[in-house]
Amino acid sequence: MKGIILSRKIKNKLNATWMTIWTVFIFFIPLLLTAGLILKSSILLKDHSFFNLVTSSIWKPLSGEFGFLPFIISSLLVTVLALLIAGPVCLLSAIHLTQYANRYILQIMQPVIDILAGLPSVIYGVWGIIIIVPFISEKIAPLFGIQTSGYTIISGALVLSVMIIPFILNILLDIFNAIPKELQEASLSLGASQWYTIKFVLIKKAFPGVVSAMGLGLSRAFGETIAVLMVVGNVASIPKGIFQPGYPLPALIANNYGEMLSIPLYDSALMLAALFLLILVIAFNLISRLLIIRYEKRFA
Amino acid sequence: METLSVSKKVIPITNYQIPKKIQIENLNLKIGKKHILKDISVSVPKNKITVILGPSGCGKTTLLKSMNRLTDMYPDMEVTGKICIDDEDILHSGTDVTNIRKRMGLLSQRPYPLPMSIYKNIAYGLKISGRRKKRFLEKRIRHYLIQASLWDEVKDRLREPASSLSIGQQQRLCLARGLAVDPDIILADEPTSALDPISSQEIEKKFLELKNGYTIVMVTHVLRQAARIADYVIFMYLGEVIEQGPAYEFFNNPKTEITRAYLRGSIN
Amino acid sequence: MKRGSLNKYYLRKISLKAEEIFFRATMLFSSCIIIFILLLIIYSILQKGLPSLSIDMLTQTPKGGFYFGKEGGILNAIIGSIYLSLGATSLAFIIGLPVALFMNIWLSHKKKLVNSFRFILDLLWGIPSIVYGAFGFTVMIYFGIKASLIGGIVVVSLFILPIMIRAIDEGLKSSSVGLIEASYSLGSTKTETAFKVMMKQCLPCIITAVLLSFGRSIGDAASVLFTTGFTDHIPTSLTQPTATLPLSIFFQLSSPIPEVKSRAYAAALVLTVIILIISLSSRLFTIKYKKNRINF
Ligand SMILES: Nc1ncnc2c1ncn2[C@@H]1O[C@H](COP(=O)(O)OP(=O)(O)OP(=O)(O)O)[C@@H](O)[C@H]1O
Ligand SMILES: [Mg+2]
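The structure displayed is predicted, hence computed values, not measured ones.

Student: Now, about the pairing of strand 4 (residues 77-85) of chain B: what can you tell me, with residues and values included?
Tutor: All names here are of chain B. Note: strand 1 (residues 20-31) against strand 4, 8 bridges, orientation antiparallel. Paired with Ile-24 across the strands is Ile-83, a residue of strand 4. Summarising the sheet, strand 4 and strand 5 (residues 88-89) pair through 2 bridges and their orientation is antiparallel. Across the sheet, residue Ile-85 finds its bridge partner in strand 5, namely Glu-88. The loop that links strand 4 with its antiparallel partner strand 5 comprises 2 residues; one of these, Asp-86, has a positive phi angle of about 50 degrees.

What follows is the structure in structure tokens.
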């Protein structure tokens, strides 16, 4: 009997040990990622100044010229546009679903959001090619008197905005649901209408949360690869308008992995692009999440 | 008008004659199949403190909320019956629900200051009623803060966020905010349950002062608090009103076995 | 109040009402447009994919000339994707489950530590899969490993690990407090509490987490682009390169030949159906889970 208890205790100890090791290992993943990417990209930084790399717009890997500016600008344009499209839709829908919608709409919307969130990137890309690209080239661009193939910044932004809608909406729903009902009751009991309450109390209370949700959406959009790559055109020059093709950073990495080993410094340049992505995404995530945490603390 | 608190005679409920402020008849409230309030018929006397007592989950908060139609916030609540305030049925009247609510101040279990400054918290209700002149607002805000005994503590920090106040101060701010819409009824749902003893006492004292001008309905869990301030008691159990009547009678001569058990402390 | 200010008051009230009506309409419109987009996606994939979907597509590997529109199917990619996702999900599960249990049972009294750990996991979740892919590829080159099934499995499992842990963790978090105490009071050790009591209680949420991670790994293209490669054969060992569905769609769609393109749509339909099945079954589990759960 005693032996059994003892062996149970030993087993318990052993388990605790290897679980600690696993857990610590996970802490190391981001460090490993960053260290690896820095190590690789430092080769390029040895004889190219960082400032030149970021401000030059000439991309000629064969002659050793790596200007990241077109890619950075494309990335920024596509993601910011996507957020401008998705943000308002999500905010309006989140207020609708948490304040006005009846049970039936909620019952429809929950699986809709789930499925949208689960659809793979490549499916959004296929959809973009089937619907968005022709829509832009045949319907929208002619309105502005522009002729285009449809593989443009705005197509990328549209596809991307649809992809981040479920992501942002889910966070916004959590944020609006976290606001205590009693706060609204307090406002209503002072004679405010429901709309007045939403406008002056609810949105104000939720504001920091909404900002962070948008930040998280932006960082999610920044790293999205395949779907954008499929519709954005991939031309390595600075886009002069939203009806021009662009070439975001993730697409740059994904498109060139095949050749990158045959050209000197090419792999190093692509890893630098990955490092950009990693740092930007982590920074945005960090700021947004800290904001959310601070905001949640105020309710406690 | 009789003063009930000094009357030691046992008065049968039917003989209990006094101007009524709120009259509820056959109020039923269901959420889906759940029957939360069952055939409630109660009356609340004017300019008195009426305390709603009962074990947790018996529907006290729900009854209180239905009095100013906050139940509208839950679309799946089904409310039937009559709630008359000054002989006007608020459940079915065509008047704007916001006007009905303006006649009642609400204090909740925990203070919920609006996410704005102390000043704006009180100006909020006034602005909704269309009072926007700065001079007028400042005068009224001072008046209501004094009435809620908060003025001295906050007069130098009116522009600070309301959340920077202590919980007890926040609750008094909520009281001032409620008074500012010039109601004639105060609904309070366990207003002292989150407060320390001293802040609780202040609120109790405030209520005793205010009852000359306001009809106060208060939910509480604390029997001793009820005994201290109640003029009239409504006792609920599992969604039904078991007993209602003057406080003296309720505490000294309970009519039903359930009430006796509750007063002994064996229900909860 | 003076007459003028009274008028102003009613004007304000009316303009607020008008504003509310306008915004309620746009809000409803926003929700409807989200539903509409999903329907549009499913409709367009069905409409393009169904005509070229055939039994051959699902049961054959690419024959010679497949990429010029000749015979064959995408069985290699279907099987490859399933192998890859099964492998990656199992690996992430083997690492993730103990970590989630560890966080909720062994560290249950160190709230701050656990919360900062959750924070880091959420950050990890935000890292784009292309970064994992690029990093994985570099490491594989460094060690001289060719693009292979195992390489893909490892990279994808790293990528889905944070999702797996957090999803299990959320389930454990909501039911742990009372359960842990109850189990200790019966004299169980932490290990027994973790693996017998907690796992039973949270089995549905664990299944949901696994399904979620599986869905992620089968759908992601950016991380396998570098690491698993592509081949027309069904892999027979872990060291062989492997085709995956997302990449198969991607490559076929970039072909100029219409037959190949339309096969890409069919492949997209297959992938969508797989994802829908996963999504639906995890929904069923959560619904069942809510019914059977003991609440503390
Ligand atoms: N929005 C709601 N949806 C479903 N059930 C509800 C809702 N609000 C209240 N209930 C149920 O109605 C019953 C009465 O609730 P109520 O809050 O009125 O009780 P209470 O007497 O105020 O309790 P306590 O003293 O704990 O505050 C409870 O069983 C509660 O679960
Ligand atoms: Mg209550």
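Student: Explain the interface of chain B and chain A to me, and be specific about the residues and the numbers.
Tutor: Contact with chain B, which involves 24 residues of that partner, is made by 22 residues of chain A. Carbon and sulfur atoms supply 66% of the area buried between chain B and chain A, which totals about 2000 Å² over both sides. Where chain B touches chain A, the interface holds 1 salt bridge. Ionic pairing is found between Glu-185 of chain A and Lys-65 of chain B, a salt bridge with its closest N-O pair at 3.1 Å. Of all the secondary-structure elements, those providing two or more residues to the side of chain B that touches chain A are helix 2 (97-102), strand 6 (104-107), helix 3 (118-128) and helix 6 (167-179) of chain B. Top contributing element to the side of chain B that touches chain A by residue count: helix 3 of chain B, with 4 residues. Split into classes, the residues belonging to the side of chain B that touches chain A amount to 13 nonpolar, 4 polar and 7 charged.

Student: Describe the site of ligand 1, with residues and values.
Tutor: Residues and elements named next belong to chain B. Lining the immediate surroundings of ligand 1 are 13 residues, of which Ser-56, Gly-57, Lys-60, Thr-61 and Thr-62 lie closest. One of the backbone N or O atoms of Cys-58 is found 3.2 Å from an oxygen atom in ligand 1. In this structure, Thr-61 approaches ligand 1 through a side-chain N or O atom, which is 2.5 Å from an oxygen atom. Calculation on ligand 1 without its partners gives an accessible area of 630 Å², and the protein chains cover 66% of this total.

Thresholds applied
Residues numbered from 1 in each chain as written. Chains lettered and ligands numbered in written order. Predicted model: local features only at pLDDT ≥ 70, side-chain atom pairs only at ≥ 80, totals over all residues. Heavy atoms only, no water. Pairing = 2+ DSSP bridges. Helix = DSSP H or I, 4+ residues; strand = E, 2+ residues; numbered from the N terminus. Contact = heavy atoms within 4.5 Å. Buried area = accessible area lost by both parts, 1.4 Å probe. Salt bridge = Lys/Arg side-chain N within 4 Å of Asp/Glu carboxyl O. Nonpolar A, V, L, I, M, F, W, Y, C, P; charged D, E, K, R; others polar. Near = heavy atom within 4 Å. Polar contact = N/O pair within 3.5 Å; in protein donor to acceptor, adjacent residues only side chain to side chain. Areas by Shrake-Rupley, 256 points an atom, 1.4 Å probe, with all protein chains shown as cover.

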